[in-house]
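Here is what each chain is made of, one letter per residue.
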Amino acid sequence: MHDCPSGRRAVLAALAGCALPRPAPAQGAWPTRPVRIIVPFAPGGASDFVARILQPALGEILGQPIVVENRAGAAGNVGMEAAARAAPDGYTLFLGNVGTLAVNPTVFARSIRVRPTMDFAPISLSGDTPDVLLVNAGVPAGSVAELIALARAQPGRLNYGSPGAGSLNRLEMELFREAVPGGLDMVHVPYPGGAGPAVAAIVAGDTQAMFTTLPSALGQVQAGRLRALAVTTAQRVPALPAVPTLVESGFPDFVAGSWQGVLAPSGTPAEVIARAFAATVEAVGRPAVAQRLRGGGVEPVASRSPDAFAALIAREAERWGALARRAGATVE
């Protein structure tokens, strides 16, 4: 088990207790009926991919069917609110990710009605999804350096897509442009509805570059319609072993990723959190599950404890919130 994806984030011990579940009346053995996991995005993205792979393993471990419910909308806020407001009885869980839990509280500061560190009881990480810097296959850039040179030669001519103005993938591009000496003059084109529309746009040539989760684009890369220039993880990923990291490409501090994790509404009984934690760790650790996750570009990873996951959420919210404020990446 790990307390953070790829060992790259320090645990904030002082904040670890902020998401501990509030006491709730004791209940019988859990679960005694089906459990739903709300995924706050449409089918086909990285979060849905992780949920569908964990679904049968968790069902077998817990002895009850697991129902995956996609509740997309507002960059994941619709599903996140539905999960946070559900009864804290263990029969509604939430598959959150870095976007919903760490980016949205800043990006949607004026409209968001969920406070992740208070409205959820974190259970465990379930996967760390690398993001990848892509270009359309027709773009004459075969490396990060060549993309930078192309953008400098054509200021304001290259478009980069994202799943939304305040999305993690947009912030990753802002971080990239910020890290390039002198910056890069590129035009942001946001797309609604998650990674799918933005990936379709770059495949069609409407945009020339983007960051996205690896599972969202792996098939297009393998088919030759998109070219992967670099991944955002500290080490290369098994699904694309020939593709360098951004660290290798000259950006030593550029390590990021779209992690996912399981949470419950705040107030869920401690014994339910404990069993859900053990089940998640067991499911992620199963060789068949790990193989399927890695095959789609996701690194299987579980937290050392629910508190460690809570600390990671706090750390990531600080990191990406600060970048969103610098970039002016707010929706309102």
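All of these numbers come straight from a predicted model, not from anything done at the bench.

### Here we look at the packing of aromatic side chains
Each aromatic ring pair is summarised here by two numbers: the centre-to-centre distance and the angle between the ring planes.
In step 1: Summed over the entire model, instances satisfying the criterion amount to five aromatic pairs.
In step 2: Seen from their ring centres, Phe94 and Phe120 are 5.1 Å apart, and the 15° between their planes marks the pair as stacked. Here Phe120 lies in strand β4 (residues 120-129) and Phe94 lies in strand β3 (residues 92-97), a separation of 26 residues in the sequence.
In step 3: Phe94 sits in the buried class, given a relative accessible area of 1%.

### Overview of the nonpolar core
In step 1: Of all hydrophobic cores here, the largest spans 53 residues; its most connected members are Phe120, Val144, Phe176 and Trp320.
In step 2: By size, the runner-up hydrophobic cluster in this structure holds 33 residues, among which are Ile273, Ala276, Phe277 and Leu293.

### Notes on the packing of helix α3 (residues 98-107) against helix α11 (residues 306-327)
In step 1: At their nearest, the axes of α3 and α11 sit 8 Å apart, and the two run at 45° to each other. Judged on the interaxial angle alone, α11 and α3 are oblique. Viewed along their axes, α3 and α11 form a crossing whose handedness is right-handed. On the side of α3, the interface is formed by Val98, Leu101, Ala102, Val103, Thr106 and Val107, while α11 contributes Ile313, Glu316, Ala317, Trp320, Gly321, Ala324 and Arg325.
In step 2: Across the contact of α3 with α11, the residue classes tally to nine nonpolar, two polar and two charged.

Parameters and conventions
- Residues numbered from 1 in each chain as written.
- Predicted model: local features only at pLDDT ≥ 70, side-chain atom pairs only at ≥ 80, totals over all residues.
- Heavy atoms only, no water.
- Phe/Tyr/Trp six-rings, centres within 6.5 Å; stacked < 30°, edge-to-face > 60°.
- Helix = DSSP H or I, 4+ residues; strand = E, 2+ residues; numbered from the N terminus.
- Buried < 20%, exposed > 50% of the residue type's maximum accessible area, 1.4 Å probe, protein only.
- Core = buried A, V, L, I, M, F, W, Y, C linked by side-chain atoms within 4.5 Å.
- Axes fitted to C-alpha atoms, helices over the stretch in contact; angles between N-to-C directions.
- Parallel < 35°, antiparallel > 145°, perpendicular 65-115°, else oblique.
- Left-handed = near helix turned anticlockwise from the far one by under 90°.
- Contact = heavy atoms within 4.5 Å.
- Nonpolar A, V, L, I, M, F, W, Y, C, P; charged D, E, K, R; others polar.

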